Structures are given as C-alpha cells and as structure tokens.
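One letter stands for each residue in the lines below.
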Amino acid sequence: MQTKIFPVSPESLAEAKKIIFDGGVIGMPTETVYGLGGNAFDDSAVKRIFEVKGRPNDNPLIAHVHTDYDLAKIIDYDPPYAKKLREAFLPGPLTLVYPSTGKVSPYVSCGLNTLAVRVPSHKGAQAFLREVDIPIVAPSANISKHVSPTSAAHVYEDFEGKIPLILDGGECEGGIESTVCDVTGDIPVVLRPGLITCEMIAQVVGDCAQYVPDLHSGEKVKSPGLLYKHYSPRCQTALFAAAETAEAVAYCAEQSSLGKKVAILCEDGAKSAFAGYEILNLGSSENEMAARLYSLLREAEKRCDVLVAIEPKKTDGVMIGVLNRLRKACVSVDIPHK
Ligand code: TXA
Ligand code: MG
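Nothing here was measured: the structure is a model prediction, and the numbers come from that model.

> What exactly am I supposed to notice about the packing of aromatic side chains here?
Any aromatic ring pair is given by two values, namely how distant the centres are and how the planes are angled relative to each other. Applying the stated criterion across every chain, the model contains two aromatic pairs. Relative to Y294, the ring of Y231 has its centre 5.6 Å away and its plane inclined at 35°; by these criteria the two rings are tilted. Placement of Y231 in the loop between β11 (209–210) and β12 (236–240) and of Y294 in helix α8 (residues 286–303) is noted, with a sequence separation of 63 residues between them. Under the relative-accessibility criterion, Y231 is labelled buried at 4%. With a centroid separation of 5.6 Å and an interplanar angle of 55°, the aromatic rings of F240 and Y251 are classed as tilted. Residue F240 is found in strand β12, and its partner Y251 is found in helix α7 (residues 245–257); the two are separated by 11 residues along the sequence. Across the pair, exposure class does not vary: F240 and Y251 are buried alike.

The structure is reproduced here in structure tokens:
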C-alpha cells in the first residue's frame, strides 16, 4: 500500500472521509501529537488500529469529536463540573473520561466501563472531524512503545506502507499528549498528566486529584497506558536527575571510550556541563520543553548510539507531564502487562 501525505484541503478531507467510511485508518494532526484515526462505531476499523500499531488490547482509545458534536449521542452521565471543564478548556488538550453508554464499538474501551472523549483544537483536526461528523478513535500515531509523532514525517516513519493517507497539519504545537481526566466521580481525577495541569483544573472547579498508580498493590490500573515503557527512542538510553551532573558526565566519558556516539538531552541551562557532546536542547520554558521532547527523542535515535537524558530542574505544572514521558522513554526495564 502506498502512503500518501496531503495537506489538509477539501480534496484530502474528501479522500480521508471515504477511507474512514470504508473502514480504513488514517494519520491525522492534532495540537498535541498526531493520531491514527478510525471510525469509533466500526468494530473492524477499531481492531485495525490496535493491529497496525501493535497496541496491547487492554489499552483503551480516545474518541475525538468536533466542537459542535452532540455529546449526548455517545455519553449520558455528565456532572456539572465536567461542563465547566469543557467550557474552560475545550477545544484543547484535555480528554474527559465518562461512564460509557455502549454506543461506540466495544473494542474502544477494552472492557472498561468508561469512554474517553476529546475535542482537539487543531484546525485541521476540526475540519476532518466535521467532514466525517462521527467520533474518531485515535491513539498517538506511533508503533506501540515508540516515540509519539509530532509531525506528518514522524507518522510516515512508523506507518509507511501500512496506512493509505496522512493528513499533514504541520508540526504539533503542544508536543505531549492530552491530559486524561476522569469525571465519573465527585471530583475530577487526572489519570495522565499533560498541558492542562491539575492546578488549572482545580482553579476552575475547586478540586482535582492526581491519580498515582501503585504498581505493586495488584490494584486494577485505571488508565492502562500508564504502565508501559513508552515513547522510547530506538537507541540505548540513560536517565540522570538534575542534581546528578557529575555522574552523567562520567557516564558519557565511559560510553565514549567504548566507541559509542553520545548525545545529551537536557534543558538549555544544563548544557554547559557537557561541552564537546552533541546537545539535544529542550529549551527553557515548560511549554517549549513539551513541544520539543518527542522530536528530539526521534532525532536521538537517528544521530547517536547512546542518549543521555538529564531531567530538567522544574518538576511541577506542565513538567509533571514532560517528566512522566521522559522517564518512561528512558527507563531500561519494561514493566510486563497482563
Ligand atoms: O493527545 C492525545 O490524547 C492523543 C491525540 C492523538 O489526540 N491521543 C493519545 O492517545 O494520546 P493514546 O491512545 O496514545 O493514549 C490514550 C490514553 C492511554 O493512556 C489510555 O490508557 C487512556 O488514554 N484512556 C483511554 N480511554 C480510557 C478510559 N476509558 N479510561 C481511562 N483511561 C483511558
Ligand atoms: Mg500513545
């Protein structure tokens, strides 16, 4: 199969619509990362997404809709605070998890009794969702565990020959996936940190909890995607805390002496300690670091044998999401899933 990359236009949207209603999947832009989209009502399209991504079949998908889509078509329970969150943050990088009503394919939620719904703000995503006027399930458009894609070229790297079309909407401005927030209980609970932080949510509705999975308790994890090694470049990786510069420098010297090409991923303020090494510069502000993280991880696998990542100093706000991705990308041990 030939994989075409077309900018978003009336012609490419018409072609995308045809593929979707024929049960196919396409690459689509959003403001966070690119998605691999298919018809949420079509069992075989949903199964195809899991298959082409190599995604574990216990990790549920997010349904994407346009701003005027009538949510009552897919959810019924809607607490007043969820409405406030939609008014404050949508369209945008916030996914809300509602009790499911069984309207979309059962394969979307992988046996959970909830459905995650997102309204992306990206203009191209909105145009596509309006064109099809159905919920589109879309995980990040990367092969499972690989680095998430922030450009059409990244999607092509992972899915050339496997999907017919990628809608090119330019580089993603956000850079890390949406905040996933459960709204099935009395207060919102952030399951996956992102650009909309717990503090921002609490400011709007008065309260917000951050879910921290206890990997050792045997508790059923609320958002299964949290468990896996993820977002990883295909090269050797090592991760050091912001205060471990001396250890990181020693490690770089050791790896270089073994003949390996070393690159350093760090914030702008930390780079001076690594003179002589290739620097993959995350920048300075938290939004800049979020926007650059994935494309730099993809650069790393092309340009070095060993990626040495130094955690940025700031650890709150948006950095909770950035650090969450960076740590999972660079852990050397995979946590097996059931
Ligand atoms: O920004 C994003 O959200 C991107 C773009 C393409 O929209 N999509 C994305 O999808 O990141 P994916 O499939 O890579 O990640 C979805 C996350 C996973 O961690 C999954 O476990 C969680 O959302 N999730 C999906 N449905 C859920 C549900 N019903 N309950 C709890 N967590 C859910
Ligand atoms: Mg993903």
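> Just checking my understanding: could you explain the pattern of salt bridges for this structure?
It is possible for side chains bearing opposite charge to pair when their charged atoms get close. All chains considered together, the criterion is met by 19 salt bridges. Among the salt bridges present, the one from R292 reaches E288, with a minimum N-O distance of 3.1 Å. Linking R292 with E288, this pair stays in helix α8, spanning four residues, or about one helical turn. For E299, the salt bridge goes to R303, with nearest N and O atoms at 2.5 Å. Here E299 pairs with R303, and both are found in helix α8, just four residues apart, close to one helical turn. For R303, a relative accessible area of 35% translates into the label partly exposed. Overlapping salt bridges, with partners in common, bring together E157, D158, R298 and K302 in one network.

About the cut-offs
Residues numbered from 1 in each chain as written. Chains lettered and ligands numbered in written order. Predicted model: local features only at pLDDT ≥ 70, side-chain atom pairs only at ≥ 80, totals over all residues. Heavy atoms only, no water. Phe/Tyr/Trp six-rings, centres within 6.5 Å; stacked < 30°, edge-to-face > 60°. Helix = DSSP H or I, 4+ residues; strand = E, 2+ residues; numbered from the N terminus. Buried < 20%, exposed > 50% of the residue type's maximum accessible area, 1.4 Å probe, protein only. Salt bridge = Lys/Arg side-chain N within 4 Å of Asp/Glu carboxyl O.

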